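Residues per chain, in single letters:
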Amino acid sequence: MWLFYNLILCLIVIWFAGITSSLTSTIESSHITQAVIQYSTTKNIVLTTNVNKPKITKGSSVNKPNISSCAVWNTTGITIANSSTVNSSNPLNAFIDVNNTLYIVNKINKEIKIWSEKSNTAQLIVYSNFTFSTGLFVTSIGDIFIDDDYHSHVSQWSLQPTKQKIIMYINRGCNSLFVDVSDTLYCTINDGHLVTRWSLDNKNSQLVTAAAGTGCADSTSMTLNQPMGIYVDNNFDLYVADTGNDRIQRFSYGNLSGTTVAGKSVKDNVNLNKPTSIMLDIDDRLYIVDSGNQRIIRLGRYDGYQCLFGCSIPSCLSLSQLCDPLTAMFDIHGNIYVINRKNSGVQKFILATNSCQETTFSSPQTSTTTSSTTTTSFSNDTCAQPTMTLFPGTSSYENPLQFRRSQDFYISVTFKIKCVDSFAIRTTWTIFNCTINCSIPADIDPSIDLTTSELVIPARILTYGIYEMKLTATMTGKFYSISTESAYVKINPTGATANLVLYGTSIITSGQERDLILDPGAHSINPDEKTFNASDWTYSYQCRVYDLKNLSKLTTIDYNSNHPCFSNRKDNMLGWRDRSVDGSLSSIIILRDSLKADHTYQFVVYITNRRNATLQALGYLLVEVEISRPQMVAIACVITSMCSPNQEYQSINPSTQVSLFSECVGVCNSTLNISWYVYEGQNDSTTNIVRWNRFNHLNSSQNLHFFGMNTSDFTTINTLFLKNPHIIYWRFEVIYAFHHETSMSALNFIINQPPQNGSCSITPLNGTISTLFTINCSLWLDDDQIKDYAVYFKDSSEISSEQLMLAFKPIPDFQLQLPAGIGPQSLLNLTVQIRDQLNCATEIQLEPVVVLPDSTVIDTLIDMIENPDKLNTNNPVIEALVSGNQNLVGQVVTSLSQELNKKNKQDFEDAIRNGIDATSISVSPLGSKRSINSDVITNHSSNIDYIQKLNTLSNIRDYLMNVTVVLSVVNIDSIKLLATSLAQLTKSTNELSRTSSLLAARKCHQLAVELHKRARQTSHEDARSAAIQIAHCINNVLTAINAPLQQRGVFLNVNDTGHEIGSEDYEDDFELNQLIFNSIKSDDEASTKIVRTLYYQRKTADEIAQLAVITFSLLTSVLKIHLNIEQQMAFNSSCLLLFLETTTVQSLADTPVSLRTTMQPLAPIGTSTSHANSNMSTTISLTLFHRNNSEITITTSIDQPIEFFIPRDPNLSIPALIPQNITSNYTFHQIDLHDYTMNSNLTVSLHFEIQPMDMNLSYVLIYQFNRSSQSKKNPPWKVLCPSNLTNDSIYTYFIDNRQTISQKSIIFRFEEINQTDLEQCYQRTIISNPLRIDELKNFSSDYKLRIYSSGCYYLDKYNNWQSDGLWVGPLTDHYRTQCFTTHLTTFTSHFRLLSFTNHRFEFYFHDKYQFTYKNNVTLSNQIEWNQSYKHLNHALNNNPSHLEL
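Here the structure is a predicted model, which means the values were calculated and not measured. (Residues numbered from 1 in each chain as written. Predicted model: local features only at pLDDT ≥ 70, side-chain atom pairs only at ≥ 80, totals over all residues. Heavy atoms only, no water.)

Novice: Is there a simple way to explain the overall build of the protein chain in this structure?
Specialist: If you tally the helices and strands in the protein chain, you get 19 helices and 87 strands. Buried positions account for 57% of the 1445 residues belonging to the protein chain. If you sum the accessible surface of the protein chain, you get close to 61,700 Å²; carbon and sulfur atoms cover 49% of it. (Helix = DSSP H or I, 4+ residues; strand = E, 2+ residues; numbered from the N terminus. Buried < 20%, exposed > 50% of the residue type's maximum accessible area, 1.4 Å probe, protein only. Areas by Shrake-Rupley, 256 points an atom, 1.4 Å probe, with all protein chains shown as cover.)

Structure (structure tokens):
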């Protein structure tokens, strides 16, 4: 009968499809979304159109937990309901709602049993006379939807009070039900091969719409075959378990043509066998009950396929295993509940691990916040519901927080938590539009993260009105609670800026014979919108002749032909006309010959918003009219936020530099020169007119205050304003000179007065790093309102004077924890910066505070990690770290990091005193002095003890890193605060694990991206401060990850990973293949572990290297914005030297370019480790950039190379010279170069040092190379004169790397010569007694010998070290390498002490040749290397191929 009915139904659908064949074929071919099949309650079939996606009206009713890609569930299920509890051997369905309440269907007793999360017995039972199918769904408000299979309808049950109603009739049972976020009910008709939907809000509609399927069983994109489980996400995409077709289909709303997202028809996807259920996590990964394969799998867009249950253990072996699974569902914790059809119960599979951390701590576990879940482990006696405090302050519907639509803002929460056990806090923000009653969810951009403790709302996201920002914090674990807190926000209009000409230039030049276009419709700005909509505004214009001696009133420009501004017209015609296309006057033209030459006119425009008449703006423009026809020049601020419109002026902050750019509008190819001039203004109190005078210190101040005086860009630094506080008005004027005329433009500024009249204090005046200090700033006044308060301090461990951010708050009273003070009295000096809404700041120095270090804080933290039973949740440090407030977290992380850094330094010094080689455990800071090595012979126990200390402190850094990197970026202050914390936390590089290094690199890269986004709105001072700390962070991480690979640090225990290495992971790495092959061959577990550690360390180093390149590029782009011609920026710290300068180059057509120079403490390992031997070298990077941030390739000639020196680590240990017993023979020495130059891409220079035992003797070096290839002819012997005697009585000899290319070995001998021969050698003359090979004599005295190699290398685009185009200079010594290059890139140097063998001379000489220095020997005098080189600019301007630093 059912088969017959399906056939009839299919024929009906086909018949209607035939009637609309053209439309249906279009649907099949082009996925049109406006046509759907519908069923009425009378079981008729209709085809309707015009389907629009509904709006979200309620929250989701299903749990979408935040699941890590590395999550692991216990594979042994716990039976939580069976025949003894539900009286059914075959439970058809169950459901878990968003409150973690479990509903289970009892088919025999026709009831639904309900369990709350903490109850072991059913708390409520719902009875009814219905026949169940598997259709069951419970909404977030507790409504239960049940399919009554026998009576062909779906019922809705409400428990408060208990009542039932039939809401939908259907011609057969619903195997699956789902209610989406628009309150639409979906039903799966298994044997009807359909999924239908019906709006629960549309009470009058009788239509049940087909959401997927045609009613015919088939495997096309439009058909289904016995569908089962369904899921609808918040984008209204419908997922269907197309059971009979062994696939999962996704249907976008209104589209009857589905896409296969899982199944055998998907390329490279997993094969399914009768899938019956689907669910999604917060990252939209699919969880599929693959019933026919007796398993549950997961599919992610980025992390691919993973089998979760039923993967290797045969099904149905026990009650704890899957057995014919039907349905799966999440609870709020991520645990998975499964309905099995053949093992009499509901199983629960517990989420055991929800983190990708390679290392976990016993307690407190590394706080892991992935989007919405923060997990922190504690152990104590009691747990209490967390207390939540929202910032920036309390609010209500009647008294909401006020924000302009054009500004970013954030609402943050601080948790105060007292708990005894492991817990998780899930934070979820819901935003309601309060236009009616704060019950309608606002339409929010999906890019807004609603799951962090800090809700960040970018500008222009919310429309005008009042909103409720509701935070729901769900605390789970042994203690369960739900807390809510709301902030009310009102979004206000900002107000437009009316600009008559481009950029709102204050003064322009126009020609009498040229039309003047005033176009506020095109040039005005509405900061509340991305573009200015001219049709939203009305326009009115006024004008007057601007004669300072007889200033007239402004007169409206109308259709009166007698306007005084246009008196120059002789035809009595209007002097203007409407240029707008709609008659709105959004643009007008002042006609030629209307304005009189040699006169100045002032134009004003009034604009009013058509929808809101209170939104008005004025725009001013002064026009100087000349008889010629000059082009117009426009001027604007480079940093838009630094120039705020203020009537006729731009407000300017005296605490920051001002950068302007000018632009010639139109055809300006004939510009001859550009000049800038500065004027100061004085207000005439009698006329209220500002009168301008040329700034009389211009010439003397040019190099002090100004940059770019003759370019299109102009910069004045803040010293101009700070040294002239009496000047309130400033004008910056630019003049473009053309062949036949000039054009002038200017911007007028008024000093924005900073906050005044207030004071700040701090209490108490002494304490420790655990003390809560309170800062109170009262009575501060500012016309533009106070924006926030920021606290800064200076890092005592650095020589730089950079101030580091410690806190930023929008309120005048706040608490903070401070880092330890400096000096014997532990004094800490703090600066409070009070800023107004236009970013003008006043700085106040607080009274010095005594802040003592507290070693017990670190000891307690270590003890907590190692002994979870000793936790103390009242510890203020732990309380701050779990607060979720980035100010508190940032302060504590910075403070603890400084204490850890001090401890690291002390441990390092102790290790050195115990005889451990400094270079094996640490990389020396830049500019540091050599550590004093101990004469103590190191013992194994000292080394083990030191490594244990590193691992212990590394655990703490891992913990602090995890609570730091999850913090949100809310504004520029947030960037500075987080960057400061990370720079301090990563400072002790030998305590950074691989995990922490990668987390820090990713976070620092994110901060650089965020800073780059805000580059045009960030002041020079803020950009510099943030960039320095980000650069320190990423550079510290580079050193940390490369140090163990370069044998400059240890592989920490927390770096170990249990992951095996697949063949595809290392097949391109020859060296790693060799290591793995050898470890497998030896079957040595320890070797395998070392190889695995090495592999993951190098893999992480590659990722960090790529992030570092991008990060430095972003920072360079940000800083370049603030640099004008000849302006420089430099910062020098222990971990990084960075120099950035902008200049012009004649050879590049005077184009402005930027030169960036960096020095880092340690060279990166590079892709290949083959004998680079750069582990004792710093890294120098030289890069030229165009204005658009693209790199400029510079290639110089060999005759005019670039010279620079690369320092080595000051702790490099140089062994003593080796005594040579050679008086009894004709000793020759040999070095096998192949032992040191296995990588043919890397060449080395050779450096010989000889110390005579008899100081009356000197030596020449006689040497011969043997090439790698066979050669019939012996290579020539060469003789090398020594350098001048050093202070250590050592002669040195140098063979540069170009001579050693492809050489197999070098054979050499030192020949004694007297002082006369030495002088002749220096003078390149013949030695008085020519040497004969058969007359070589025994040495009259022994000598000491030491030989080392050096090299200059660059990093290519494939991250490989290369040496072509580089050579080593003779000024190379133990502590630096002199390099010459023909191009710019990243450079490092090589250093290695060489061993040699001794041989008697007969082994080498078979022919008796006489030779002299003049004829047969190549004489190299290294004095000729001492050449002078020209400076960078001279080289570039005179020869583009020559660049010297």
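Novice: Whenever I open this one, the sheet that holds strand β47 (residues 632-637) confuses me. Can you help?
Specialist: In sheet architecture, strand pairing relies on hydrogen bonds along the backbone and comes in two forms, parallel and antiparallel. The strand order across the open sheet built from four strands is β47-β50-β54-β53, with neighbouring strands paired in antiparallel fashion. The outermost strands of the open sheet, each flanked by one partner alone, are β47 and β53 (706-707). In this structure, strand β50 (residues 658-665) lies alongside strand β54 (residues 713-716), joined through four bridges in antiparallel fashion. Opposite V658, over in β54, you have T716 as the bridge partner. (Pairing = 2+ DSSP bridges.)

Novice: Any chance you could explain unusual backbone geometry here in plain terms?
Specialist: One can expect most non-glycine residues to show negative phi and most peptide bonds to be in trans. Residue P392 is reached from F391 by a cis peptide bond, and omega for that bond is 20°. Following the sequence through the fold, P392 ends up in the loop between β31 (387-391) and β32 (401-404). Cis rather than trans, the peptide bond between T763 and P764 has omega equal to -10°. In this fold, P764 is placed in the loop between β57 (759-763) and β58 (766-768). The phi dihedral of N100 falls on the positive side, at around 65°, and the residue is not glycine. Among the structural elements, N100 can be located in the loop between β5 (94-96) and β6 (102-106). Under the relative-accessibility criterion, N100 is labelled buried at 6%. The backbone of H193 sits at a positive phi, close to 55°, despite the residue not being glycine. Note that H193 resides in the loop between β14 (184-189) and β15 (194-199).

Novice: Explanation requested: helix α18 (residues 1315-1323) in the structure shown.
Specialist: At 3.6 residues per turn, the α-helix brings residues three or four places apart onto the same side. Turning to α18, its buried residues number three or more, namely D1317, L1318, Q1320 and C1321. What you see down the axis of α18 is that its buried residues fit within an arc of 165°, all on one side. (Arc of directions from axis to C-beta.)

Novice: Would you take a moment to explain the side chain of S1363 for this structure?
Specialist: Within the secondary structure layout, S1363 lies in the loop between β81 (1361-1362) and β82 (1366-1368). Those residues in contact with S1363 that lie beyond four places of it in its chain are N1241, L1242, T1243, C1352, Y1353 and Y1354. (Contact = heavy atoms within 4.5 Å.)

Novice: Help me out: how do you make sense of the confidence of the model for the protein chain in this one?
Specialist: Any residue range with low pLDDT should be treated as having predicted coordinates unsuitable for detailed reading. Summary statistics for the protein chain give a mean pLDDT of 81 and a share of 80% for residues scoring 70 or more. Here residues 1-9 scores under 50 on pLDDT; set against residues more than four positions off or in separate chains, the count is 12 contacts. Low pLDDT, under 50, characterises residues 1325-1332; the stretch is placed with 18 contacts to residues that sit more than four places away or in other chains. (pLDDT = per-residue confidence, 0-100.)

Novice: Help me out: how do you make sense of the sheet that holds strand β64 (residues 831-836) in this one?
Specialist: The four strands are arranged β61-β60-β64-β65 in an open sheet whose pairing can be described as antiparallel. Strands with a single pairing partner mark the edges of an open sheet, and in this sheet they are β61 (803-809) and β65 (841-845). Taken pair by pair, the neighbouring strands of this sheet meet at an average axis angle of 25°, ignoring direction. Relative to β64, strand β60 (residues 786-794) is paired through six bridges, and the arrangement is antiparallel. For Y792, the partnering residue across the bridge sits in β64 and is T831. (Axes fitted to C-alpha atoms, helices over the stretch in contact; angles between N-to-C directions.)

Novice: Sorry if this is basic, but what is going on with the pattern of salt bridges here?
Specialist: Side chains that differ in sign of charge can pair as their charged atoms come close. Summed over the entire model, instances satisfying the criterion amount to 29 salt bridges. Between R569 and D571 there is a salt bridge whose closest N-O contact spans 2.8 Å. Assessed through its relative accessible area of 17%, R569 is described here as buried. When its relative accessible area of 39% is taken as the criterion, D571 is described as partly exposed. Across the salt bridge formed by D910 and R913, the nearest N and O atoms sit 2.3 Å from each other. Taken together, the residues D910 and R913, both in helix α9 (residues 886-913) and three residues apart, mark about one turn of the helix. Using a relative accessible area of 24% as the deciding quantity, one classes D910 as partly exposed. Residue classification places R913 among the partly exposed residues on the basis of a relative accessible area of 47%. Sharing partners across several salt bridges, the network here consists of D788, R835, D973, K976 and D1022. (Salt bridge = Lys/Arg side-chain N within 4 Å of Asp/Glu carboxyl O.)

Novice: Any chance you could explain the state of the cysteines here in plain terms?
Specialist: A full pass over the atoms with the stated rule returns seven disulfides. Covalent S-S linkage joins C174 and C187, the inter-sulfur distance amounting to 1.9 Å. Taking the torsion about the sulfur-sulfur bond, which here is approximately -100°, the covalent link between C174 and C187 counts as left-handed. With a gap of 13 residues between them, C174 in the loop between β12 (162-169) and β13 (176-179) and C187 in strand β14 connect regions that are remote in the sequence. Across the pair, C187 and C174 agree in class, each one buried. With its sulfur 2.0 Å from that of its partner, C1352 forms a disulfide with C1379. With the S-S bond torsion at -95°, the cross-link from C1352 to C1379 turns out left-handed. (Disulfide = S-S within 2.5 Å.)

Novice: In this structure, what is going on with a nonpolar patch on the surface? I would like to understand it.
Specialist: On the surface, a cluster of nonpolar side chains totalling about 200 Å² of accessible area is made up of I78, I80 and I350. Summarising the element assignment, I78 is placed in strand β4 (residues 78-82). (Patch = residues over 30% accessible without salt bridge, like charges linked within 9 Å, V, L, I, M, F, W, Y side chains within 5 Å.)

Novice: Got a minute to help me understand the pairing of strand β78 (residues 1303-1313) in this structure?
Specialist: Within a regular beta strand, the side chains point alternately toward one face of the sheet and then the other, so they alternate between its two faces. Judged by how many residues are buried, β78 sits mostly within the fold: 10 of 11 residues are covered. As paired elements, strand β73 (residues 1228-1232) and β78 share four bridges and run antiparallel to each other. In the sheet register, I1231 faces β78, and the bridge partner there is I1306.

Novice: Even after reading the chapter, I still don't get the packing of helix α11 (residues 972-985) against helix α12 (residues 994-1013), so can you show me in this structure?
Specialist: Each pair of packed helices can be described by the angle between their axes along with the distance between the axes. α12 packs onto α11 with a crossing angle of 155° between their chain directions and a minimal axis gap of 10 Å. Taken together, the axes of α11 and α12 are roughly antiparallel relative to one another. Note on packing geometry: the crossing formed by α11 with α12 is left-handed. Where α11 abuts α12, its residues I972, I975, L978, A979 and L982 lie against K1003, C1004, L1007, E1010 and L1011. Residues belonging to the contact of α11 with α12 are distributed by class as follows: eight nonpolar, no polar and two charged. (Parallel < 35°, antiparallel > 145°, perpendicular 65-115°, else oblique. Left-handed = near helix turned anticlockwise from the far one by under 90°. Nonpolar A, V, L, I, M, F, W, Y, C, P; charged D, E, K, R; others polar.)

Novice: Explain the packing of aromatic side chains to me, please; I cannot follow it from the model alone.
Specialist: For any pair of aromatic rings, the description consists of the separation of the ring centres together with the inter-plane angle of the planes. The tally for this structure, following the rule as stated, stands at 33 aromatic pairs. With a centroid separation of 6.0 Å and an interplanar angle of 85°, the aromatic rings of F1308 and F1310 are classed as edge-to-face. A single burial state applies to F1308 and to F1310, both of which are buried. Taken together, the aromatic side chains of F1248, Y1259, Y1293, F1308, F1310 and Y1343 make up a single cluster linked through ring pairs. The residue whose ring lies beneath K809 is F391, and the NZ or CZ to ring-centre distance is 4.4 Å. Sitting over the face of the ring of F1205, R1376 holds its NZ or CZ atom 3.9 Å from the ring centroid. (Phe/Tyr/Trp six-rings, centres within 6.5 Å; stacked < 30°, edge-to-face > 60°. Lys NZ or Arg CZ within 6 Å of the ring centre and 35° of its normal.)

Novice: In this structure, what is going on with the environment of M279? I would like to understand it.
Specialist: Position of M279 among the secondary structure elements: in strand β21 (residues 275-280). For M279, a relative accessible area of 5% corresponds to the buried category. For the pair M279 and Y239, spaced 40 residues apart in sequence, the C-alpha to C-alpha distance is 8.8 Å. Setting aside residues up to four positions removed in sequence, M279 forms contacts with Y231, R285, L286, Y287, A328, M329, F330 and I336.

Novice: Just checking my understanding: could you explain the environment of T79 for this structure?
Specialist: Along the chain, the position of T79 falls in strand β4. In this structure, the C-alpha to C-alpha distance between T79 and Y337, residues 258 residues apart in sequence, is 9.5 Å.

Novice: So what exactly am I meant to see when it comes to the environment of K1344 here?
Specialist: On the secondary structure map, K1344 appears in strand β80 (residues 1343-1355). Taking the C-alpha atoms as reference points, K1344 and M1253, separated by 91 residues in sequence, lie 7.4 Å from one another. Excluding anything up to four places from it in sequence, K1344 contacts L1217, I1218, P1219, E1249, I1250, Q1251 and M1253.

Novice: Would you mind showing me how to read the packing of α9 against α11 here?
Specialist: As a packed pair, α9 and α11 sit with axes 8 Å apart at the nearest point and diverge in direction by 25°. The angle between α9 and α11 places the two elements in the roughly parallel class. Crossing hand, α9 versus α11: left-handed. Residues Q886, N887, G890, V893, T894, S897, Q898 and N901 of α9 pack against S974, L977, L978, T980, S981, Q984 and L985 of α11. Its residues placed into classes, the contact of α9 with α11 shows four nonpolar, 11 polar and no charged.

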